[in-house]
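Spelled out, the chains give:
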Amino acid sequence: MTGELSMRMAERGDIPAVLSLLMDDNLGKQKEGALSAAHDAAFTAIARDENQILAVALLANEIVGCLQVTFIPGLSRQGMWRAQIESVRIASSLRGSGHGTSFLRWAIARCKERQCGLVQLFMDKSRQNAYRFYNSLGFKASHEGFRLDL
């Protein structure tokens, strides 16, 4: 696949392609499942929330990437807004092509437009290639995170 990458807000009909991208590695296969009513409800909630971006990246009119940005207000740091980027995926066949960098830079530009003071993201520690990728974009591993599954 060749051509220029373009980005847009995800549409309801994109959900199957996004799920396919999320399952495009061993870790994702363990965490994701078949399309369900819960996915549709989550999409509806995201689409209605002005502090959410669910975006897709397209190459030759085919969805080859996805990510979600959440804008978070806070009282700390003098009321600074921050952005959290998650569920970042580029089709495995295109990794290393520069498309992931273009997509992340596009997302960071949306964060700057919203006047966020920082962008944070989390990644599974087993994803060493992702770790190197985010470092190459200037992200720093500055905090130790915790999670409680409910």
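Right, let's walk through the structure included here.

Conventions we followed
Counting restarts for each chain: residues are numbered from 1 in the order of the written sequence. Confidence filtering applies because this is a predicted model: local features only for residues at pLDDT of at least 70, side-chain atom pairs given and counted only at 80 or more, and all residues used for totals across whole chains, interfaces and linings. With hydrogens and water excluded, all non-hydrogen atoms of the structure serve as input to the side-chain values. Secondary structure counts use DSSP, requiring at least four H or I residues in a row for a helix and at least two E residues in a row for a strand, with both numbered from the N terminus. Note that the radius of gyration is over C-alpha atoms, with the globule rule given as 2.2 Å times the number of residues to the power 0.38. Residue burial is assigned from relative accessible area. The probe radius is 1.4 Å, only protein chains are included, and a residue is buried under 20% of its type maximum, exposed over 50%, and partly exposed in between. Note on definitions: a residue-residue contact is assigned when non-hydrogen atoms from the two residues lie within 4.5 Å. The criterion is simple. A nonpolar core is a set of buried Ala, Val, Leu, Ile, Met, Phe, Trp, Tyr and Cys residues joined through side-chain atoms within 4.5 Å. A pair of strands is considered paired only if DSSP assigns at least 2 bridges between the two. When the strands point away from the viewer and the path from the first strand over the helix to the second turns clockwise, the crossover is right-handed. Here the axes come from fitting lines to C-alpha atoms, over the contacting stretch only for helices, and the angles between their N-to-C directions go from 0 to 180 degrees. Throughout this description, the term salt bridge denotes a Lys or Arg side-chain nitrogen within 4 Å of a carboxyl oxygen of Asp or Glu.

**Some details on the overall build of the protein chain**
Argument step 1. Within the protein chain one finds 6 helices and 5 strands.
Argument step 2. From first element to last, N terminus to C terminus, the protein chain shows the α and β order β-α-α-α-β-β-α-β-α-β-α.
Argument step 3. Relative to the compact-globule value of 15 Å for 150 residues, the protein chain shows a C-alpha radius of gyration of 15 Å, a close match.
Argument step 4. When the backbone C-alpha atoms are referred to their principal axes, the protein chain occupies close to 45 × 35 × 30 Å.
Argument step 5. Buried positions account for 39% of the 150 residues belonging to the protein chain.
Argument step 6. Taking the intrachain contacts of the protein chain between residues at least 6 apart in sequence as the baseline, contacts between residues at least 24 apart amount to 61%.

**Some words on the nonpolar core**
Argument step 1. Ranked by size, the top nonpolar core spans 40 residues in total, and within it Leu-67, Val-69, Ile-85 and Phe-103 carry the most contacts.
Argument step 2. Among the elements of the structure, helix H1 (15–22), helix H3 (37–48), strand E2 (52–59), strand E3 (62–72), strand E4 (82–90), helix H5 (99–113) and helix H6 (128–136) are those that each provide at least two residues to this core.
Argument step 3. Here this core gets 7 residues from one element, more than from any other, and that element is E2.
Argument step 4. Discounting chain neighbours no more than four positions away, the residues touching Phe-103 are Leu-5, Met-7, Ala-55, Val-56, Ala-57, Gly-65, Cys-66, Leu-67, Arg-89 and Ile-90.

**Some words on the pairing of strand E5 (residues 118–121)**
Argument step 1. Pairing analysis gives 4 bridges linking E4 to E5, with the strands arranged parallel. The residue of E5 that forms the bridge with Ala-83 is Val-119.
Argument step 2. Considered for its hand, the β-α-β crossover made up of E4, H5 and E5 is right-handed.

**Considerations on the sheet that holds E2**
Argument step 1. Spatially, 5 strands are ordered E1-E2-E3-E4-E5 in an open sheet, and the strand pairing comes out mixed. Strands at the two margins of the open sheet, each flanked by one partner only, are strand E1 (6–9) and E5. Each neighbouring strand pair of the sheet contributes to a mean axis angle of 30°, computed without reference to strand direction.
Argument step 2. Strand contacts of H1: E2, E3 and E4, with the helix running at about 90° to E3, the strand carrying the most contacts.

**Observations concerning the pattern of salt bridges**
Argument step 1. Tallied over the entire structure, the rule returns 5 salt bridges.
Argument step 2. For Glu-11, the salt bridge goes to Arg-8, with nearest N and O atoms at 3.9 Å.
Argument step 3. Residue Glu-11 is classed as partly exposed on the basis of its relative accessible area, which comes to 46%.
Argument step 4. Linking Glu-113 and Arg-110 is a salt bridge whose minimum nitrogen-to-oxygen distance equals 2.8 Å. With Glu-113 and Arg-110 both in helix H5 and 3 residues apart, the pair spans about one turn of that helix.

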